[in-house]
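What follows is the residue order along each chain.
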There are 2 protein chains.
Amino acid sequence: MRSENLGRTLLPKRLALPVFASDAISSVAYAPDEILLTLAFAGTGAALLSPWVGVAVALVMVVVIASYRQNVHAYPSGGGDYEVATTNVGSRTGLTVASALLVDYVLTVAVSVAAGTAYAAAALPVLHGHEAKVGVAVVLVLTVVNLRGVRESGRAVALPVYLYIGAVALTVLVGFVQRMTGNLGEAESASYQIVHQPGLDSGLVGLAGAVLVLRAFASGSVALTGVEAISNGVPAFRKPKAKNAATTLGVAGAVSATLLVSILVLSRMAGVVYVDDPSTDLVTASGQPAGDAYHQYPVVSQLAHTVFGNFMPAFYFVAVVAGVILLLAANTAFNGFPVLGSILARDGYLPRQLHTRGDRLAYSNGILTLAVAAIVLIWAFDAQVTRLIQLYIVGVFVSFTLSQLGMVRHWRRLIPTQVDPQRRTSMRRSHVINTVGLAVTGTVLVVVLVTKFTYGAWIAVAAMLVVFVLMNAIHHHYATVRTAVALDDDEATSRALPSRVHAIVLISNLHRPTMRAIAYARAARPSVLEVITVGVNPDDVDQLRTEWNQVGLPLPLKVLDSPFREITRPVLTYVRSIRRESPRDLVVVYVPEYVVGHWWEALLHNQSAMRLKRRLLFMPGVVVASVPWQLESSARTRNLAEQFDARPLPGDTRRGLGGPQQ
Amino acid sequence: MRSENLGRTLLPKRLALPVFASDAISSVAYAPDEILLTLAFAGTGAALLSPWVGVAVALVMVVVIASYRQNVHAYPSGGGDYEVATTNVGSRTGLTVASALLVDYVLTVAVSVAAGTAYAAAALPVLHGHEAKVGVAVVLVLTVVNLRGVRESGRAVALPVYLYIGAVALTVLVGFVQRMTGNLGEAESASYQIVHQPGLDSGLVGLAGAVLVLRAFASGSVALTGVEAISNGVPAFRKPKAKNAATTLGVAGAVSATLLVSILVLSRMAGVVYVDDPSTDLVTASGQPAGDAYHQYPVVSQLAHTVFGNFMPAFYFVAVVAGVILLLAANTAFNGFPVLGSILARDGYLPRQLHTRGDRLAYSNGILTLAVAAIVLIWAFDAQVTRLIQLYIVGVFVSFTLSQLGMVRHWRRLIPTQVDPQRRTSMRRSHVINTVGLAVTGTVLVVVLVTKFTYGAWIAVAAMLVVFVLMNAIHHHYATVRTAVALDDDEATSRALPSRVHAIVLISNLHRPTMRAIAYARAARPSVLEVITVGVNPDDVDQLRTEWNQVGLPLPLKVLDSPFREITRPVLTYVRSIRRESPRDLVVVYVPEYVVGHWWEALLHNQSAMRLKRRLLFMPGVVVASVPWQLESSARTRNLAEQFDARPLPGDTRRGLGGPQQ
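Every value quoted in this text rests on a predicted model; they were computed, and no experiment measured them.

What counts as what
- By convention here, each chain's residues receive numbers from 1 onward along its written sequence.
- To read the labels, note that chains go from A and ligands from 1, taken in the order they are written.
- In keeping with the predicted nature of the model, local features appear solely for residues at pLDDT of at least 70, side-chain atom pairs appear and are counted solely at 80 or more, and the whole-chain, interface and lining totals rest on all residues.
- Values reported for side chains reflect all heavy atoms of the structure, with hydrogen atoms and water molecules removed beforehand.
- Comment: elements are numbered from the N terminus, with helices defined as DSSP H or I runs of at least four residues and strands as E runs of at least two.
- Any two residues whose heavy atoms approach within 4.5 Å at even a single point are treated as in contact.
- Each accessible area is a Shrake-Rupley estimate made with a 1.4 Å probe; only the visible protein chains count as cover when residues are assessed.
- Counted as positive: Lys and Arg. Counted as negative: Asp and Glu. His and the chain ends are not counted at all.
- Positions of charges follow a simple convention, taking NZ of Lys, CZ of Arg, CG of Asp or CD of Glu.
- Burial here depends on accessible area, computed with a 1.4 Å probe over protein chains only, as a share of the maximum for the residue type. Under 20% is buried, over 50% is exposed, and the range in between is partly exposed.
- Note on pairing: two strands pair once DSSP finds at least 2 bridges between them.
- Here, axes are lines fitted to C-alpha atoms. For helices the fit covers the stretch in contact, and angles between N-to-C directions go from 0 to 180 degrees.
- As a per-residue measure, pLDDT reflects the predictor's confidence and takes values from 0 up to 100.
- Crossing handedness is defined as follows: a turn of the near helix away from the far one that is anticlockwise and smaller than a right angle gives a left-handed crossing, while the clockwise case is right-handed.
- Side-chain classes are defined by residue name, with Ala, Val, Leu, Ile, Met, Phe, Trp, Tyr, Cys and Pro counting as nonpolar, Asp, Glu, Lys and Arg as charged, and the others, Gly among them, as polar.
- We define a salt bridge as a side-chain nitrogen of Lys or Arg found within 4 Å of a carboxyl oxygen belonging to Asp or Glu.
- By nonpolar core we mean a set of buried residues, namely Ala, Val, Leu, Ile, Met, Phe, Trp, Tyr and Cys, connected to one another through side-chain atoms within 4.5 Å.
- For a helix, the expected span equals 1.5 Å multiplied by the number of residues minus one.
- Here the aromatic set is Phe, Tyr and Trp, taking the six-membered ring for Trp, and pairing holds for ring centres within 6.5 Å; pairs whose planes are under 30 degrees apart are stacked, those over 60 apart are edge-to-face, and all others are tilted.
- The criterion is that NZ of a Lys, or CZ of an Arg, lies within 6 Å of the ring centre and within 35 degrees of the ring normal, and then a charge sits over that ring.
- Note on handedness: a clockwise path from strand one over the helix to strand two, with the strands aimed away from the viewer, defines a right-handed crossover.
- In this scheme, the bend at a residue equals the angle between the axes fitted to the seven residues that finish there and the seven that begin there.
- Any pair of N or O atoms that falls within 3.5 Å is considered a polar contact. Within protein, one atom must be able to donate a hydrogen and the other to accept it, and sequence-neighbouring residues count only if both atoms are side-chain atoms.
- Patches here are clusters of residues that have more than 30% relative accessible area and form no salt bridge, with a 9 Å joining cutoff for like charges and a 5 Å cutoff for nonpolar side chains (Val, Leu, Ile, Met, Phe, Trp, Tyr).
- We call two directions roughly parallel when the angle between them is under 35 degrees, roughly antiparallel when it is over 145, roughly perpendicular when it lies between 65 and 115, and oblique otherwise.

Asker: Would you take a moment to explain the overall build of chain A for this structure?
Answerer: For chain A, the count of helices and strands is 26 helices and seven strands. With respect to the principal axes defined by its C-alpha atoms, chain A has extents near 105 × 70 × 45 Å. The contacts in chain A between residues at least 6 apart in sequence include a share of 82% that link residues at least 24 apart. Of the roughly 26800 Å² that chain A leaves accessible, carbon and sulfur atoms contribute 62%. Averaging the positions of the 54 positive and the 40 negative side-chain charges in chain A gives two centres separated by 9 Å.

Encoded structure:
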């Protein structure tokens, strides 16, 4: 997409909601399960508390969404948490947010794919026990699709998201109606009793119980992931952008919160039981452990099964749309990760070439990095959502908290400068909202860190630290180099021209590539031109001399002695001697080079030339001029490369969806 | 070592024998075991035949040695089997020999190391069951030692070889004396009975028995490996080279044959029992299987134990010297493999850069290839000599047979041209010897192929085939390229100079590296000089333009439009347009390039420049001139590289030992 067209494809709210909120809404597919599961450690009775934990999460969501609506109005350019934190707090804070976001993109893929495979295994029992393999395969497919740069359309995304919302809403509504009419059945799992964990004998009383409730709350907070995506997508909304984005944000939050609480309430009504390890944590009424024969389905699947009785198509439908929306959620990370990488590269925190927008490889590298990291996580944690979730929420709340800190500073800076009393009042209001947001998200961050650190959050914190240190080191390196190469006042010296050009053509045989190199060197009319060969084998030298005389060029052939039968060292020594004799001369070394079409051809040609070139580049005052000779096979590669160039860039297609995401 | 000094370090016979014959003599350490083991398949009685199988092997050895004495006289330059076959039969035959030799070098390492670990496990029971790991570790140590290019001296090699010969000879002699005086004890293993294999109930009668004897003979023929090494080493002998080499060859053969037969005879006297799988193949007098508690020691170790009774130092001494000579045998392959690779590269069968004698990397690549292949074999066959030996002897006899075929043709060609009747008679005699050699080695090759093909020889044959096809393909590729680049009669066109030079300097910032590139381009005084930048970001372009005007160079700055925010494509398009407008112009693109000292710095710099360079090289009529800017870190790397250059080359140190080996 051309730069000037970037702003053209704007999304109406009804398309923007599914495009940006698939991640936020999809978490409803696994957040209730995690709340139920954590409470279940304290036995069957404790699980009854789950709706209240859901309400607490929903309240936090209200605060976060209210706060981000302020972000949207203040940064309608879609700045994102990284820019909000960098601008208002400082670059180190911004870098912290960026580290958290990069780690979280990886976890978004890992958690969403793991949850999706759980739904797939519910619909296709044959997949049971192979979740990790299925998850890795799914990530590989997503990777290939994203590397190819397939064009997504907003409409294609919208359908499954609305189907998912509709399916869950219908399940919940039908369930509530059944309950009111007294027709709601019992979930299959309701016949099991939960074995509580040692140390939680008396349910949720005491410190252990309180900590467990906080852990359940922390796990449920996963429903908040993805909320910030809309605030990054403001530029893609139709006008009035900020207002539309804020409305969409509110709708997405309301949908997520309502579904989450409703699912938990209905689960309690239907007696849904969901535990960490069903084979040991569940016992039948007669006290027998459930054992390996019992397969535990996701909570939403269990509800669909209960509500729609034996109407299996409804059960399968819920599994399929849940799987699809989780795939879409994983895919948002594939879009967001390279874009954030590009922004960080622009600011010198990642290798600079990742910034180039039009550079397919930059995106490819980002996509591959994300995929490898997600696959490692899925494999290491055996695609178990419950274990992955322990790592997930830290990053989200680090970025929430620091972004809110940035917003608080933003208003504190702007309010004194605002003269219009009405707008000043509005800013004061926003300041209060963001302050509350900061307090709440900060508190949740502490809760998450305390309750989950030893369960796996430390891995995420360590990963953020590594990413932070790495990006800081890259930034430092670039700064050092920038200082070293900056033009100083003594520019005159750098503008002084070398007095003469001493050209050297290196040949080992007389054939068309060397003749071309000699011709090009002569065309450049250097002050001195020498044709050089390294005398490894006396017979070869004699033959070359004979051929040279036959060709009859008006140039002498100079043979460098090579007592140790090597090539690189005599040439380096010779060039060094020229540099020593005339330090102000520029030495241009012409190296004939084969251009090949296949990787294996590269093993058969140019190896000595390449080594020599690499070594020559270390010498100041030397220019290495590659004179290519295109072998026939190279034509095919050139054509392929040109076709490759002509393909749409992944970055472009995605921007069609909704502007720069972070 | 300088070329003119290569011939100086010549070896007297007493040093040449251990240097070149360690491989041949070391096979005595495992050949008797293999003969005994194979015959044992037909039960205790069959094993009594082993001395006669040893005699058959010794007879073949006499024929082979007599034949190779002719090779030595006819090719005193140390041509080796590859050159003998290529010169006299043809290049495809030579290539077959080379494939066989390359595969055999790998097997020399694998078999020698595996046999060495068996001796080590005999002396150190703690190694039992970890032979594969120990073997891999040994190969890794050999690899590092050879990569470092440690100087070996002939004397250092001579000592263990003579110690080994002395130790085995002493064991055998003392044993014979004990036997004559009636004092020879029974080997520990003599108390066991061998369980014969199904189908061989009646011992060695019938077809199955005959085939088994042939298999035992084929396994014992492993004693012949390494015989050809001396014929390759002729140039390293003192004068008269050929005569001394022939004498050494005879001595080495006599030593090997005598030791082999003596060991087998003494084993029979002492009742040594040696089987494939002692835990199931052996039963005690009471009919109990030997089980896992019984450790089977190599035959020579068993003999030392029997002869020297409870004098354990003698037992350990034999184990240590056997281990050392087997290491030396493996090391000869580490010397020979890269040398043969270099010869094959010279003839265009392997990547050309492997030929460069003075090139440490060429040797390193050969050493690493050999090590990886040997490790794979040791690991795959769990360091079991018996299984590895099935693969080993095919290659040796392919090369023996084809070399003898070459010698027969050699004499047939030379005899008619010889006028001196005395020398003609001598040639006739050689012709007869080599013809007998051809018949015997050819027969043994057939026996080996038939009796061992399904036991593992097919793997070696398949590997040879792969190597053959690969080398042929490389040769074909080089031939095609040579034709494509050869100077034709229309040389005038290739000597025509481009009419003008159109220089382009690519910049993205104004700093010292770009200023250097511009200065160098100006110094070359091209017909046209343009400074070009790609306009990805309008703000960046404006800033660059301002800085450009401040610097005040007498050149315009040209901005290429990049509607898709990419760098490579606009430059390629622009260069293409120049080429189209003035096809006879030479386009020189100056690319400023950072020279870095660490691999990770390469990830942070130049990536866009590198991609552009690679793509530009595909365009005819374009020269890419790299203008390096040496970052500070590069100075350290340059110094390291210069130190690396100053280190002795592995090829040199080895040539001090004994000239070009194949």
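From this point, the discussion proceeds with the structure in view.
Asker: Please explain unusual backbone geometry as it appears in this structure.
Answerer: One can expect most non-glycine residues to show negative phi and most peptide bonds to be in trans. Of note, the bond from Lys239 of chain A into Pro240 of chain A is cis; its omega dihedral lies within 30 degrees of zero at -5 degrees. Position of Pro240 of chain A relative to the elements: it lies in the loop between α10 (228-232) and α11 (241-270). For Arg525 of chain B, which is not a glycine, the phi torsion comes out positive at approximately 45 degrees. Judged by relative accessible area, Arg525 of chain B falls into the exposed class, the value being 58%.

Asker: Hey, could you run me through the sheet that holds strand β5 (residues 557-561) of chain B in this one?
Answerer: Consider a sheet: its strands pair through backbone hydrogen bonds, and that pairing is either parallel or antiparallel. Strand order in this open sheet of 10 strands is β5(A)-β4(A)-β3(A)-β6(A)-β7(A)-β7(B)-β6(B)-β3(B)-β4(B)-β5(B), and the pairing throughout is mixed. Each end of this open sheet is capped by a strand with a single partner; those strands are β5 (557-561) of chain A together with β5 of chain B. Averaged over all adjacent pairs, the angle separating strand axes in this sheet is 30 degrees, with direction ignored. Along the sheet, helix α20 (residues 512-523) of chain B contacts β3 (501-506), β6 (586-595) and β7 (622-630) of chain A together with β3 (501-506), β4 (528-535), β6 (586-595) and β7 (622-630) of chain B; its crossing angle with β7 of chain B, the most-contacted strand, is approximately 135 degrees.

Asker: Honestly, the confidence of the model for chain A in this entry has me stumped. Any pointers?
Answerer: Atom-level detail of predicted coordinates should not be read off regions where pLDDT is low. All names here are of chain A. Residue-level pLDDT values for chain A average 84, and 91% of them are 70 or greater. Least confident of the elements in chain A is helix α26 (residues 650-658), whose mean pLDDT is 35; most confident is helix α6 (residues 91-123), at 92. The model gives residues 648-662 a pLDDT under 50, and that stretch makes 58 contacts with residues more than four places away or in other chains. For this predicted complex, the interface score ipTM comes out at 0.73, while the overall pTM is 0.71.

Asker: Would you explain the packing of helix α22 (residues 568-581) of chain A against helix α24 (residues 607-616) of chain A in this entry?
Answerer: When two helices pack together, their arrangement is given by the angle between the helix axes and by the axis-to-axis distance. Residue and element names in this part refer to chain A. Where α22 contacts α24, the two axes come as close as 10 Å, and the packing angle between them is 30 degrees. For the crossing formed where α22 meets α24, the hand is right-handed. In this structure, α22 uses Thr568, Val571, Leu572 and Val575 to contact α24, whose residues at the interface are Arg611, Leu612, Arg615 and Leu616. Along the lines of polarity and charge, the residues of the contact of α22 with α24 split into five nonpolar, one polar and two charged.

Asker: Please clarify how the pattern of salt bridges should be interpreted in this entry.
Answerer: Pairs may arise between side chains of opposite charge once their charged atoms sit close together. Overall, the coordinates contain 10 salt bridges over all chains when judged by the stated rule. A salt bridge links Arg346 of chain B to Asp347 of chain B, with the nearest nitrogen and oxygen atoms 2.9 Å apart. Each of Glu83, Arg346 and Asp347 of chain A takes part in a single network of salt bridges with overlapping partners.

Asker: Help me understand the nonpolar core in this model?
Answerer: As a rule of thumb, soluble globular proteins bury nonpolar side chains together. Tyr30, Tyr164 and Leu344 of chain A are the most contacted members of the largest nonpolar core, which has 146 residues in total. If you tally residues by element for this core, the top one is α6 of chain A, at 17 residues. Not counting residues within four places of it along the chain, the set of residues in contact with Tyr30 of chain A comprises Val111, Ala115, Val222, Thr225, Leu326, Val385, Ile389 and Tyr392 of chain A. Of all hydrophobic cores here, the second largest spans 141 residues; its members include Ala252, Val299, Leu370 and Met471 of chain B.

Asker: I would appreciate a short explanation of helix α14 (residues 312-346) of chain A in the present structure.
Answerer: Turn by turn, an α-helix covers 3.6 residues, leaving residues three or four places apart pointing in a common direction. Residues and elements named next belong to chain A. With 35 residues, α14 ought to run about 51 Å at 1.5 Å a step, and its terminal C-alpha atoms sit 52 Å apart, in line with that. With 27 of 35 residues buried, α14 is to be regarded as a mostly interior element. Phi turns positive one or two residues past the end of α14, at Gly348, with a value near 80 degrees.

Asker: Just checking my understanding: could you explain the packing of aromatic side chains for this structure?
Answerer: The relative placement of two aromatic rings is captured by the distance of their centres and the angle of their planes. All names here are of chain A. Inspection of the entire model under this criterion finds 14 aromatic pairs over all chains. With centroids separated by 5.6 Å and ring planes inclined at 70 degrees, the aromatic side chains of Phe315 and Tyr316 adopt a geometry described as edge-to-face. Connected via pairs of aromatic rings, a cluster forms that spans Tyr68, Phe397 and Phe400. Sitting over the ring of Tyr455, Arg215 keeps its end group 3.8 Å from the ring centre.

Asker: So what exactly am I meant to see when it comes to the pairing of β5 of chain A here?
Answerer: Along any regular strand, the residues point their side chains to alternate faces of the sheet. Residue and element names in this part refer to chain A. Judged from the five bridges that link them, strand β4 (residues 528-535) and β5 form a sheet pairing that is parallel. Each bridged residue has a counterpart across the sheet, and for Gly535 the counterpart in β5 is Asp561. As for the winding sense of the linkage, the β-α-β connection from β4 through helix α21 (residues 538-551) to β5 is right-handed.

Asker: What is the right way to read helix α1 (residues 13-26) of chain B from this model?
Answerer: Under the 1.5 Å per step criterion, the end-to-end length of α1 of chain B is 18 Å for 14 residues, consistent within 8% with the ideal 20 Å. In α1 of chain B, a bend of some 55 degrees at Phe20 of chain B exceeds every other bend along the element.

Asker: Looking at this structure, I do not really get the environment of Gln630 of chain B. What am I missing?
Answerer: Note on placement: Gln630 of chain B falls in strand β7. Placed 608 residues apart in sequence, Gln630 of chain B and Ser22 of chain B show a C-alpha to C-alpha distance of 50 Å. Here Gln630 of chain B is in contact with Leu617, Phe618, Met619 and Pro620 of chain A together with Arg516 and Val595 of chain B, once residues within four sequence places are set aside. There is a polar contact of 2.7 Å between the side chain of Gln630 of chain B and the backbone oxygen of Leu617 of chain A.

Asker: Can you help me understand the environment of Pro278 of chain A in this one?
Answerer: Mapped onto the elements of the fold, Pro278 of chain A is located in helix α12 (residues 278-281). Beyond its immediate sequence surroundings of up to four residues, Pro278 of chain A is in contact with Ala290, Tyr294 and Gln296 of chain A.

Asker: Explanation requested: a nonpolar patch on the surface in the structure shown.
Answerer: On the surface, a cluster of nonpolar side chains totalling about 400 Å² of accessible area is made up of Leu49, Trp52, Val55 and Leu59 of chain A. Position of Leu49 of chain A among the secondary structure elements: in the loop between α3 (44-47) and α4 (50-74).

Asker: Sorry if this is basic, but what is going on with the side chain of Asp33 of chain A here?
Answerer: Residue and element names in this part refer to chain A. With respect to the element layout, Asp33 can be found in helix α2 (residues 31-39). The buried charged residue Asp33 lacks any salt bridge partner; its closest oppositely charged side chain belongs to Lys452, at an N-O distance of 13 Å. Residue contacts for Asp33: discarding those within four places in its chain leaves Tyr274, Pro298 and Val299.

Asker: Hey, could you run me through the environment of Ala635 of chain A in this one?
Answerer: Residue and element names in this part refer to chain A. Looking at the secondary structure, you find Ala635 in helix α25 (residues 632-646). Residue classification places Ala635 among the partly exposed residues on the basis of a relative accessible area of 29%. Taking the C-alpha atoms as reference, Ala635 lies 59 Å from Arg409; in sequence the two are 226 residues apart.

Asker: Mind showing me how you'd approach the packing of α2 of chain A against helix α9 (residues 206-220) of chain A here?
Answerer: All names here are of chain A. Put simply, α2 and α9 touch, their axes get as near as 8 Å, and they point 165 degrees apart. In terms of orientation, α2 lies roughly antiparallel with respect to α9. In this structure, α2 crosses over α9, and the sense of that crossing is right-handed. On α9, the residues touching Ala31, Glu34, Ile35, Thr38 and Leu39 of α2 are Leu212, Val213, Arg215, Ala216, Ser219 and Gly220. Looking at side-chain class alone, the contact of α2 with α9 contains six nonpolar, three polar and two charged residues.

Asker: I keep staring at the side chain of Gln404 of chain A and nothing clicks. Help me out?
Answerer: Residue and element names in this part refer to chain A. Along the chain, the position of Gln404 falls in helix α16 (residues 385-414). A relative accessible area of 0% places Gln404 in the buried class. Excluding residues within four positions of it along the chain, Gln404 makes contact with Ser67, Tyr68, Asn71, Asn434, Gly437, Leu438 and Thr441.

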